[in-house]
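This is what each chain is made of:
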Amino acid sequence: MRLIVSRLVRRSLGRGGFLIVFLLVAAVPGDMPPVARGLAPATLHGQAPASARPWPPGVQAVSPDSPALSPDAEHATFHLAPGYRIELVASEPLVQDPVAIDWDTAGRLWVVEMPGFMPDIAATGEHEPVGRIVVLEDRDGNGVMDRRTVFADGLVLARSVKVLSDGVLVAEPPNVWLMRDTNGDLRMDTKTRITDQFGRLDIDVENNANGFDWGLDNRMRTAGQSRLHFQWKAGSILAAPSPIRGQWGTTHDDVGRTFRNTNESALHVDLVAGEYFARHPQLLRTRGSYERLAMPDNDLNAVWPVRPTPGINRGYQAGVRRADGTLARHTSVCTPVVYRGDRLPADARGNVFVADPAANLVSRITLREEGVTLRAAKSYANAEFLASTDERFRPVHLSNAPDGALYLVDLYRGVVEHRLSLTTYLKSYIEAQGLLEPRGMGRIWRIVQDGVARDTSPLAIATPQALVATLSHPNGWRRDTAQRLLVERGDASVAPSLVRLAREATDERTRLHALWTLDGLDAITVAHVEAALSDESPHVRAAALRIAERWLDAPTPALRAAIEARAEDADARVRLQAAATLGVLPADDRKWEALARLLARAGDDPILIDVALTGARGAEGTLLARLVRLRDVDDGPLGERALPTTTSPTGARSAMAMLAATMYRGGRDADAQTWLARTADEAVPAWQREALMHGAELGILGAPIPGQLPPLPALPGTACPTCPGGRQSAGGDYAFEWPAAANSYTRPGNATPPLRLARAPETFLRLAAQDTPLGKQAAAVLTRITWPGKPGDEAAPPPLSPVEQTRFDEGRTLYEAMCQACHQADGRGQPGRAASLVGSPIALAGPEVPVRVLLGGKEGTTGLMPPLGAALTDAQVASVLTYVRREWGHGASPVDPALVARERGAGKSRTRPWTDAELMRSTPRM
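Residues numbered from 1 in each chain as written. Predicted model: local features only at pLDDT ≥ 70, side-chain atom pairs only at ≥ 80, totals over all residues. Heavy atoms only, no water.

Of the regular secondary structure elements, the chain holds 25 helices and 35 strands. Burial statistics for the chain: of 926 residues in total, 59% are counted as buried. Long-range contacts, defined as pairs at least 24 residues apart, comprise 67% of the intrachain contacts of the chain with a sequence gap of at least 6. Roughly 34,700 Å² of accessible area belongs to the chain as shown, and the carbon and sulfur atoms make up 53% of that amount. (Helix = DSSP H or I, 4+ residues; strand = E, 2+ residues; numbered from the N terminus. Buried < 20%, exposed > 50% of the residue type's maximum accessible area, 1.4 Å probe, protein only. Contact = heavy atoms within 4.5 Å. Areas by Shrake-Rupley, 256 points an atom, 1.4 Å probe, with all protein chains shown as cover.)

Taken in spatial order, the 4 strands line up as β19-β20-β21-β22 in an open sheet, and their pairing is antiparallel. Edge positions in the open sheet fall to β19 (251-252) and β22 (291-292), since each of these has one partner strand only. The pairing of strand β21 (residues 265-270) with β22 spans 2 bridges and is classified as antiparallel. In the sheet register, H268 faces β22, and the bridge partner there is R292. (Pairing = 2+ DSSP bridges.)

This paragraph deals with the pairing of β21. Taking burial as the measure, the 6 residues of β21 include 6 buried ones, the bulk of the element. Pairing of strand β20 (residues 258-262) with β21, which is carried by 4 bridges, proceeds in the antiparallel orientation. Counterpart to T258 in the pairing with β21 is D270. Linking β20 back to β21 in an antiparallel pair, the connection comprises 2 residues, with N263 at a positive phi of about 45°.

With that out of the way, let us pick up the packing of aromatic side chains. In total, this model carries 12 aromatic pairs according to the counting rule given. On the basis of an interplanar angle of 70° and a centroid distance of 5.0 Å, the ring pair of W110 and F151 is categorised as edge-to-face. Linking W110 in strand β8 (residues 109-113) with F151 in strand β10 (residues 147-155), this pair joins segments that are 41 residues apart in sequence. The pair formed by W110 and F151 is uniform in burial state, with each residue classed as buried. Centroid distance F808 to Y883: 5.1 Å. Interplanar angle 50°. Geometry classified as tilted. Note that F808 is positioned in helix α20 (residues 802-818) and Y883 in helix α23 (residues 874-886), a separation of 75 residues in sequence. Across the pair, exposure class does not vary: F808 and Y883 are buried alike. Through pairs of rings, three or more aromatic residues link up here, namely F78, F393 and W445. The lysine or arginine in question, K191, covers the ring of W177, its NZ or CZ lying 4.1 Å from the ring centre. One residue, R322, lies across the ring of W304, its end atom 3.7 Å from the ring centre. (Phe/Tyr/Trp six-rings, centres within 6.5 Å; stacked < 30°, edge-to-face > 60°. Lys NZ or Arg CZ within 6 Å of the ring centre and 35° of its normal.)

Next up on the list: the pattern of salt bridges. Counted according to the given criterion, the structure contains 64 salt bridges. As a salt-bridge pair, D254 and R340 come within 2.7 Å of each other at their nearest N and O atoms. Of this pair, D254 sits in the loop between β19 and β20 while R340 sits in the loop between β23 (334-338) and β24 (352-356); the two residues are 86 residues apart in sequence, bridging distant segments of the chain. (Salt bridge = Lys/Arg side-chain N within 4 Å of Asp/Glu carboxyl O.)

Our focus in this paragraph is the packing of helix α16 (residues 669-680) against helix α17 (residues 686-701). Look at α16 against α17: their axes get within 8 Å of each other, and the N-to-C directions meet at 135°. Judged by the angle between their axes, α16 and α17 are oblique. Handedness of the crossing formed by α16 with α17: left-handed. When α16 is examined against α17, the residues W675, R678, T679 and A680 are found in contact with a partner set consisting of Q688, R689, L692 and M693. By residue class, the composition of the contact of α16 with α17 is 4 nonpolar, 2 polar and 2 charged. (Axes fitted to C-alpha atoms, helices over the stretch in contact; angles between N-to-C directions. Parallel < 35°, antiparallel > 145°, perpendicular 65-115°, else oblique. Left-handed = near helix turned anticlockwise from the far one by under 90°. Nonpolar A, V, L, I, M, F, W, Y, C, P; charged D, E, K, R; others polar.)

Another aspect to go through is the sheet that holds strand β11 (residues 160-164). The 4 strands are arranged β11-β12-β13-β14 in an open sheet whose pairing can be described as antiparallel. Looking at the sheet topology across the chains shown, the edges are occupied by β11 and β14 (190-195). The average angle at which neighbouring strand axes cross in this sheet is 25°, direction not considered. Examined bridge by bridge, strand β12 (residues 167-172) and strand β13 (residues 175-180) share 5 bridges and lie antiparallel to one another. Note on β13: the bridge partner recorded for E172 is N175.

Our next topic: empty space enclosed by the protein. Using the criterion set out here, one finds 5 cavities of 30 Å³ or more in the structure. The volume enclosed by the largest cavity comes to roughly 600 Å³. If you go around the largest cavity, you meet 34 residues; those closest to its centre are D102, K162, F212, D213 and T250. Elements that contribute at least two residues to the lining of the largest cavity include exactly β7 (98-103), β11, β15 (210-214), β19, β23, β28 (395-400) and α5 (476-489). Residue composition of the lining of the largest cavity, by class: 14 nonpolar, 13 polar and 7 charged. Approximately 360 Å³ is the volume attributed to the second largest cavity. In terms of lining residues, the second largest cavity is bounded by 22 residues, among which V255, G256, R257, L271 and Q577 are the most central. Sorting the residues of the lining of the second largest cavity by element identifies α9 (538-548) and α11 (572-582) as the ones contributing at least two each. Broken down by element, the residue count for the lining of the second largest cavity peaks at 5 residues, all from α9. (1 Å grid on protein atoms, 1.4 Å probe; cavity = no way out; pocket = protein on both sides within 12 Å on 5 of 7 lines; lining within 4 Å. Points joined across faces, edges and corners; volume = space filled by probe spheres on them.)

Spelled out as structure tokens, the structure:
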């Protein structure tokens, strides 16, 4: 026990006066660090339940300042949907700066604390080893945590925790550690590094790698700048490649689909496992992976705060806030969780809850299956599941739990934007409002249904058979935990019981858990899978396809036939998984025949096309040839199908065009020569030539990719009577206007390097000389094809020196970590948010121009580019700009660190972002 006295607090009383207060905290138990303002945990006495207040609440009147509140006072600011109540579980000083949680089988709460996040406006000392993993316990069983134990400390911006049987997995980028308590005192005694490739130390904290969501398939999936997922296998934790997806938090539903989100986009889903897309990095499109669920007709990204929200990064921009001062669209949405418990109302099960700490709220999203994909909708009209009038309410993590309730981690602090992204506007707002202090606070809340008790029964873990029985529990947390424990313990004696569940359980969720547990135990057999391939549930049949892949390097004839039969399954979800699984088969004629048939029957489905293409890396030409020759389709020969001639092909044309485009992107000379010649061959059916030409436009010219989701409407300019000039701006210093054509964004071309051939494509040259529509298309494509001795060919840019190449490679990593979330992997940006870098006159101007943008920021028609370079070294700025100026077919000069140093010195006195006009007066493109 220790006595803690807080520092002196000076509160202004007006002109020249200050109130000086000593704050005292009583003796506190356990490993208790000092806490700002000394606000001790509070019980909530005499308050109306949050859900009993008027609802929907509308925008509330709030004080112009945002003082730190006690838990009691904060609770009074909550507006919660009817039928629910919110309860305090823990608060400072028991928990401080919490960012993530996990549970162990004893019901203890494991918390990641991140006191190193934004200690001041410049994030001074953010890499100091002050992070902690703490364990909270409820010793008297009253639902409130009352004991704190520091499991591990001395961590640098640790961000995720996963409690396993063999230890505790902790993410401390770039490291992932397996920490163990060897003597049972809840303190870390040993740690083993699993990988040092999990994100980076020196990047934006908000985008760094995070998350260990143990899914139905026994993979732990991640989010943020992570290229890895993890799997427990025979007593070891293995890391395997995955695409970079999402930002903060990952979750899964009852059938194993993974969900993530990013900043302004509320919800995305993987319709098949993301690892399939990692096997083909040259895909032009990745529909089905991180599939956006926000659509123009569902307004999924709209938010309805209950307080004006000036304290957001782009709060001065027209349209970002409504006339009443509230945020109009998500700006920091994170931590999706599919509610899979059993103590909230039945209509909440399977819903997704997401948090937006900048808007001080939690949204609820309802899902329904529609064919191969999902349709999402806001659960409430013009209202949120939970919203607060307290600006310091910062929900940053949501979690299912052993008791069936929904838990919420409240960082409870004034600043949630990292230094790398802070606009001048938000920095000024933070300082004016005094939001930097206090720090060291934090709360954990529990959301329950009115009149329903929590499930406080212990988890049945004593015997393997008890765990098998728990696979049928209505609470998804308990089912997942039982499966994980069975897999980790490796006791295959339960296999007969699991087989019975997989075949006889009435609930498809239980059958799925049984199958994946058998797989995790390596106790699955071909017979088990063959039986599951005939299950009445399409989700079970799809899972059986995935599990069968362990034998597909040399499949039995019966298993192969069963898998090929599922490519013609009556359910589109099973056919989609078959498209992914067929890619695992040996690369023989039978594989290409099955994939070609699948594409021929559903070639107008962009999701199926892209999933099928993941398994054809380097063999697109072979698959294309099989599709061209294929005659056995439902409505007769492909050449006789009534397909319209359009620039956005449908049906078989779509599959052919995307196959050809991906093949050209691969740059293989022999394939390119073959298919360019076929495109020019007048004996080939016209519809095939048109499809192949469109593929050349996509893969060589960089034409707009068809089959994308429809763009979301840009935010309209919103009147603001209280703003200068009647529109939201930065107080008249510089104003932002949305572009008039924001809804008709067109991707620029030349987004790929030229196709370099070993010799001239003679027949294609003859086609390009013809004055026909196809000839004119060929002539355009030829502008991006080069070969030795090509007349009039532009000189290729000089190759990068070894030093410059190293700089380029480092720049790619920095771009992925810091720029890709806004500007996207293909450099084409996002309408209304981030400008395209492809062909950009700013990015490709004299090197000092993009250097100025990175160091000083830029205001323009697509919003504010923050001065990210201010936090980077000269070498890092040079590296990321060298990458941008030489990627996506660009040939601009590399950037030297010495130039960055000169520009940094010259711009020290600049206090506002650059404008396009200022920059383009500088130097010509080069």
